[in-house]
Every structure is written in structure tokens, then in C-alpha cells.
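Secondary and tertiary structure notes
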Amino acid sequence: MDRALGGEYIFDRAFLESSVHELSDAVYQVVYSLNALSQNEYPRLFDRFQTVKDILDDILRGGAGPFASSLVLAYPVLGWEMEPLVGMFNICLAEARHRYELCAPDGFAVTAAGCRLFFEENGFLKEASYGSDPNAVKETFSRARIPTELENAIQSETQALLERCGSGIRLSVRVCPAGGLDMGQHPLVGIHNVSPRDILDACKLELAEYASRLTEWNESRVAVALGIHETVPVSFTGKVSTVSETVSTVKTLWITAAPEDHPEEIENYWVSRSFPYNLLQSDVLPKASGENSQDRAKDPSSFQGIPYRGSAWMEPSFLQSIALSATTIERMLGFPFELRWGKSESENPVILDIYPMCQMEEESHFPEDLTDILRHADLLLQGGETAQAGIAYGRVVHVSEIDSEEDIPYGAIAVTRKASPQFSSLLRRVSALITEIGTPGGHLATIAREMRVPAIFGATDALKILRTGWEVTVDAGERSVYKGRIEPLLSYRSSGAELCPTDPEYVVLRGLLRWIMPLNLIDPESQEFSIENCRTYHDIIHFAHERSIEELIHVQSRKDLMGNLPSRRLELDIPMEIHVLQVDGETSLKAPDAVRMEEVTSEPLLAFLEGLSQKDLWNQSVLSLKVKDIFSGIDRTYAAIAGPPEHMGRNLAIIASEYMNLSLHLGYHSSIVDTYLSDNPGRNYIYFRFVGGFADERRRVRRVNLIQAVLEKMGFKMAVKGDLLVANLRMTSKEESVSILESLGGLTAFTRQLDVTMVSENRVEDLVQLFLSKMSRSSQSNQDEETEHEKLPEEDP
């Protein structure tokens, strides 16, 4: 469903219904399985599941979900799917500010439900017509009473806005048509510079202005909301039209600018539609000598009356900032619009208004023409998977995880090795994103779809093929990259052929995904990580995943469960006993109690055992214990003695050919390795968890520091708390994963009982280097053996 947002698939309501039903069945199975594993420890998770399922069913039936009855909604919570509740104007400002981090005023919406409550409580819905006498309408509305519930909600949200923006701000109030209602060619300009204490009267006055302009008052005209946002002081204002005009065959953005106090002094600029948004043509007014935009903004009286040409109101760098905001919003909306901007006191462009345009771009080239043009274009790369469809142009920049975001130029075509979530913020700067490793099902792909940034994931050798500094045109929908600027392809992009946020199916899909995709439960160690805080299917799945791991940690103590599982002892040539439970294929209950190494088919387990069985990594010497170590381990010793004797020292590997969940209990510390290993790097991951020990806390922490230092060199992302370490690694190739699992096996052998010997901080680094040295020698020895083996003459059959 998430990938449908990217424009890769054409979908309809039947697709949405079947997808939700299928997903709900799967999530139910997750909840059921967790309770089966834990002997019904989490029955309330069924309730949370049913709550989310009811919301999704309501949206599929045409409802608006839990927000339908809200009277006010703050901008930070608004999304495209809420247009029927708050109107397009509020959505645009909210999305621009909070999703794309553009400069736009903060605010909140009085929803269509809130406005309707006002009309109903005052009997306005019964009136046949309001448009005949505007003054009478305004007089009637001024005497109207705002229902107490709505009044309290507006005042509460106003106070919250003042806390976010500062108590000294003034407010603007605007009527916003909702539910697809059109205001026509003359939308209301709103009421501005309102004191917060007068906000209720301003709301009534704005609604009266709206009603007085109607020639007919009926149910369909009541679907309006109010936008209440901060009034931003500006020195210049102007508009940007994304309906293209051509200058020397190049499609342009048309920008106007005029002083706020002299709106008739309009200048016109035409800039290119792609970064760096070069100024192609301008129509500049004659001005007084010494007058420039800065002086005019500060002191209009400085005009000296000596005209000259050449000094424009806006500098090219400022026009570039406006164009960047306009093209970002164009990508956000997916259709032509007119944007009103202002120059703020901080000299930055601020978005004041957005009007959708009825005029659509004409396709400059039919697909047949494009096919012929592209056949003769220089195709640099083709492959991978579409994460977000779209077409973009820019210069190639290679990006790594150590690069600073500020070093990536706006409008670049970013090319990376992995689809790391770390690049999420980068999507606000680039025109397109290409990764060598990653799938459209990953987190970064989801962000790319949210930002509507064209993205291709899994493009093999992209870093090698696409050189830094090359100008390229990316067609993410076709998974193609062309050398140079393909103007007809870019023009086709602006024809509005892609899925738009205002399309009905898109609105429903976004409404569903709001209760499916977001992950609110991040930290499993936090007190907020609870069933009550599961608000989406993603939360429920993550909660169940983490609690399942906890259950697996203790699965060996579950005699009732383990007694029924056909696990077998693995024959090892090291002082450790591991039982294996094969979950793919069939295992006969009459199979031998022990399984030999050559019978193991799980690639992750074989890789781990390769490192674990390196005998020079095992310390077989007798450890010298101090009295403090013995006392610090007394509680764990007692717990171990008091535990079920049949499970002492028993380790379990739940395995399949490409999967392993290995729980190890070595003395007084435990570790878990949960991994998936395949030929698709985008699906590969390694989860490692380590905790405990026998020695005092300082020595246990030093051992964790040692493990952390080694894992950092492998690229793991980690969280450490005391002697608990949790590490994750994703999107590694199969060869890299095998090597890392071998190192984890070696690290497990090397660090066994090591906490007792960690007498100083200096020993941490010494032991890190010792481990790496031993693993290096072991790796070299294996390579030598393989080389010698390859040199051996083949035996005659």
C-alpha cells in the first residue's frame, strides 16, 4: 500500500479494501502468535488491534476516522487526507511548514465540523439566502453566539499557538473551502493583524464575509473551515506562477515582486524551473538613484526622484530561494498553482498563500514523441526499483553517511551506497535519490514517497556509473538515468500525469496509511513502550516483535513449551552445547538426538559457528576470582542455582536456510543473534543483543565497551545502557553478512568470561586490537587453506 503512494502502481478502492483486509489478518496473527508464545501475557493487545481495525474500516466506508468530530486541529497534525476536514489552504501551509520545513506561518484550523456547529447552533442552516444583503448578513453574524465547546477549543488552540510562536504575534483568519468546494476566481483575502484576544470576533466576521458573498446558501456551501495563523510582517510581496511560460525554448517560473506599501510597483522575473533557477529574463522598473530593495523596505521616504534602470527589487539569490520553495510545493501538490510570497524581516521568503490553478499544462510531447526522443538519448543507467516515481534533473553528487547535510547542494541528484534512514533529512535538499542497496519497502523509501522525491533503489553500480558532477535527467518511474538535460522529458513531468494528493483514491490511501505506517513506539527501553501507546499497526507489530524477542530470550526456561519442540543437540568441537530447532522443512520426531555440522543447512548458523569454533579465540585458562567478583555474582549465582537444572547452559538456535535466532546463555551473560541472510541486501539484517556477566559492574561495562568498539568497526548502530548492548545492522551484501557473522561468532568466544579480567580501562583497547589481530590471522589462514586446496590436483575418478 505504501508503494502505491509512489505512483508505481495504478490502484482503485478494491485494491485498498483487499489490502487492508489482508494486512489486518496478518497483524491479528502477529498478536495471536505473541500471546501463544507468552501464554497470553498480552491480551490487551487484541483490544488495541481492534481499535485500529475499526478506524481503518470506517475510512474504507468513507468516514474521516477519529478526527471527524474534532472542532479544531493544529497544523502539526494535518495531512493531505484531512482536506475534507480543514480545506486545501490549511493543508498546504501545514505540509509546507512541517513536512518540507519551508518558511510558512504556523497556525491551526477550525474544522468544517467546528464551523458547521456554529451555523447549526445559530440557526443559519435554515436560512434560504444570505447573499442579497451583505450588511444584514454581517450584522446577523456579529450577534451570533459561538458555542461554548467551540469557543473553548479555539481559545485553547490559540494559546498553544502563542506558546509555539511567541506571545507577541498577531493573527490572520481565512475561510477555507473544504471537501473539494471551490471558492471560484475570487477567494477571500482574510482578516489580518488580529489581536489574539479578538480572535473569536474575527472568526465570526470572516464567516459573515463568506456568507454575504454567496448568491445561494445550501448544505454544500457550508463545507468550509477557517485557517488561523500567525501574521508575518513583510516588506515585499509577490506571486509565483508554476504555469510555465517559455523563454528561449526553456520552461520558466514567473515571479512578481512589489513593495508591500506600494503594491502597484510590480516587477516581473522569469527563472528556469530547475536548480540553480537561473534568471532568464526580467522586467525591472526605473528607480531613484541610490534606491534599492533594502533601503525601500526600511525607509520609503529615501526616494530621491532620480530614475535609473538596472537595480531590481529582488536579487538573483532571493529569486532562487523563492523558486526553490515553489518547485518544492509543485512536487508536493502535483498540479499547477499560484503562490503568494512575502519577504520577512529576516530577509527570507515566507509563503503567504497558495491557490490551485484551474489551467493545466499542455503536454509538449506525446508519449510517442518521447519514445523517439529517448531512443536517441544517452542512457547511462537502467535498473533497480522505483521507490517514488517522478522526473528530475540535476548534477550528480555521491553521498556517504559521514557527509554533512550542508555539503549537499540543493537540487542535486544524490547517489548513495545504502538506503540508510540517516539520509531522510537529505530528501529536503535533493531533486532525486538513487541507491545501490535498498528496497522500496524500507524506511527511506517511505520518506521519499512522503516527500514525493523521485527515487530509484537497488540500482547496481550506480556509484561507479554516475560520476560526480555529471548533469543527468532521472526518470524514476522508468528506473532510467539519462546523460544531460532532456527538456521534453522534464516538460512531460509538468503535464500533471502523476498521481496528485487531491485525487480521491490518494486521499483515502493517505487516510489509511496514517493508521498503518507511522511508528510511534521507538525505544523498547522507554516507559512509553506500552500497549496503550500502540496507535498504528506498525506500533503493534513493533511491540510484538520486541516482546517476542524477550520471550525467545527466556524460551529455554519455558519447560512446557520447549518440551514439545523437536530440538536436537549440535555436535561441536568446542566446550559449548547448542540445540537447534529447524523451522523450515520437515524434521522427523524419530530423528537422532544429535545433529552433525555437515547436516546444518542454515547459512547464518554456519557462518556464526565458523567464527565461534576458532580455538585460539577461546581462553581455556583458569580464571582468578577476587572476593569482590564472588560477592557481585552471588545474586546471579543464586538465581542460576535456583533455576530449572535441566535448562542450565542450554543454548538454542532456531534456524532456517536463510534465518537464525540464536540465544546463548554462557555462564552469567546472555546474547541473542537474530539475522536474515539472502542474496537481496535490502532484506538482510543482523540484530545482536548482549547483557550480563559475573564480575562487578565496572568490569562488565568494560567488556561491553570492548564489544561496542568491535561492532562499530563493522558498521553496527548501537544503544548501550550499563552492561546491556543492543546493536543493529541492515542492508549488507550476503558476503558482508557472512563475514560479520563469523566475527560475531569469534567475538562470542573471545569475550566469554572476559569480564573478570577487565581490570582497567586501558585493557579495553588492548583486547580490541588482540581480537582483531586474531580474527585477521584466522581469516588469512582460511584463505591460505582455500588457496592450497585449489592448487591440489583433482583426483582421477
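Refer to the structure printed above.
Analysis parameters
- Residues numbered from 1 in each chain as written.
- Predicted model: local features only at pLDDT ≥ 70, side-chain atom pairs only at ≥ 80, totals over all residues.
- Heavy atoms only, no water.
- Helix = DSSP H or I, 4+ residues; strand = E, 2+ residues; numbered from the N terminus.
- Buried < 20%, exposed > 50% of the residue type's maximum accessible area, 1.4 Å probe, protein only.
- Contact = heavy atoms within 4.5 Å.
- Areas by Shrake-Rupley, 256 points an atom, 1.4 Å probe, with all protein chains shown as cover.
- Expected span 1.5 Å × (residues − 1).
- Pairing = 2+ DSSP bridges.
- Phe/Tyr/Trp six-rings, centres within 6.5 Å; stacked < 30°, edge-to-face > 60°.
- Axes fitted to C-alpha atoms, helices over the stretch in contact; angles between N-to-C directions.
- Parallel < 35°, antiparallel > 145°, perpendicular 65-115°, else oblique.
- Left-handed = near helix turned anticlockwise from the far one by under 90°.
- Nonpolar A, V, L, I, M, F, W, Y, C, P; charged D, E, K, R; others polar.

The subject of this paragraph is the overall build of the protein. In terms of regular secondary structure, the protein is built from 23 helices and 30 strands. Taken across its 797 residues, the protein has 50% of its residues classed as buried. Of the contacts made within the protein by residues no fewer than 6 positions apart, 63% connect residues no fewer than 24 positions apart. Summed over its atoms, the accessible surface of the protein is roughly 37100 Å², and 50% of this surface lies on carbon and sulfur atoms.

Let's shift gears to helix α7 (residues 148–165). With 18 residues, α7 extends 26 Å from end C-alpha to end C-alpha; this agrees with the ideal 26 Å at 1.5 Å per step. Three or more residues of α7 are buried, namely Leu-150, Ala-153, Ile-154, Glu-157, Thr-158, Leu-161 and Leu-162. In this fold, the buried residues of α7 make contact with β1 (72–74), β2 (107–110), α5 (112–121), β3 (171–177), α8 (199–212) and β5 (224–230). Looking at the residues trailing α7, positive phi occurs at Gly-166, about 110 degrees.

Next up on the list: the pairing of strand β16 (residues 391–399). When you tally the buried positions in β16, you get seven out of nine residues, the bulk of the element. As defined by bridge partners, β16 adjoins strand β20 (residues 471–475) across five bridges and the pair is classed as antiparallel. Pairing of Ala-392 across the sheet is with Val-474, part of β20. One ladder, built from four bridges, connects β16 with strand β17 (residues 413–418); its direction is parallel. Within β17, the position partnered with Val-396 by the bridge is Ile-413.

A word on the packing of aromatic side chains. On inspection of all chains with the given rule, the structure shows 15 aromatic pairs. Relative to Tyr-537, the ring of Phe-49 lies with its centre 5.8 Å away and its plane at 15 degrees, an arrangement referred to as stacked. Separated by 488 residues along the polypeptide, Phe-49 in helix α2 (residues 44–60) and Tyr-537 in helix α16 (residues 537–553) bring together distant segments of the chain. Taken individually, Phe-49 and Tyr-537 each receive the classification buried, so the pair is uniform in this respect. Grouping aromatic residues by their ring pairs yields a cluster made of Tyr-28, Phe-46, Phe-49 and Tyr-537.

Okay, the packing of helix α1 (residues 13–38) against helix α15 (residues 504–513) next. Running from N to C, α1 and α15 point in directions that differ by 15 degrees, and their axes come no closer than 10 Å. The angle between the axes of α1 and α15 places the two elements in the roughly parallel class. Our pair here, α1 against α15, has a crossing hand that is right-handed. For the pair α1 and α15, contact is made by Arg-13, Leu-16 and Val-20 and by Glu-505, Val-508, Leu-509 and Leu-512, respectively. Across the contact of α1 with α15, the residue classes tally to five nonpolar, no polar and two charged.

By themselves, these figures tell us nothing about what the structure is for.
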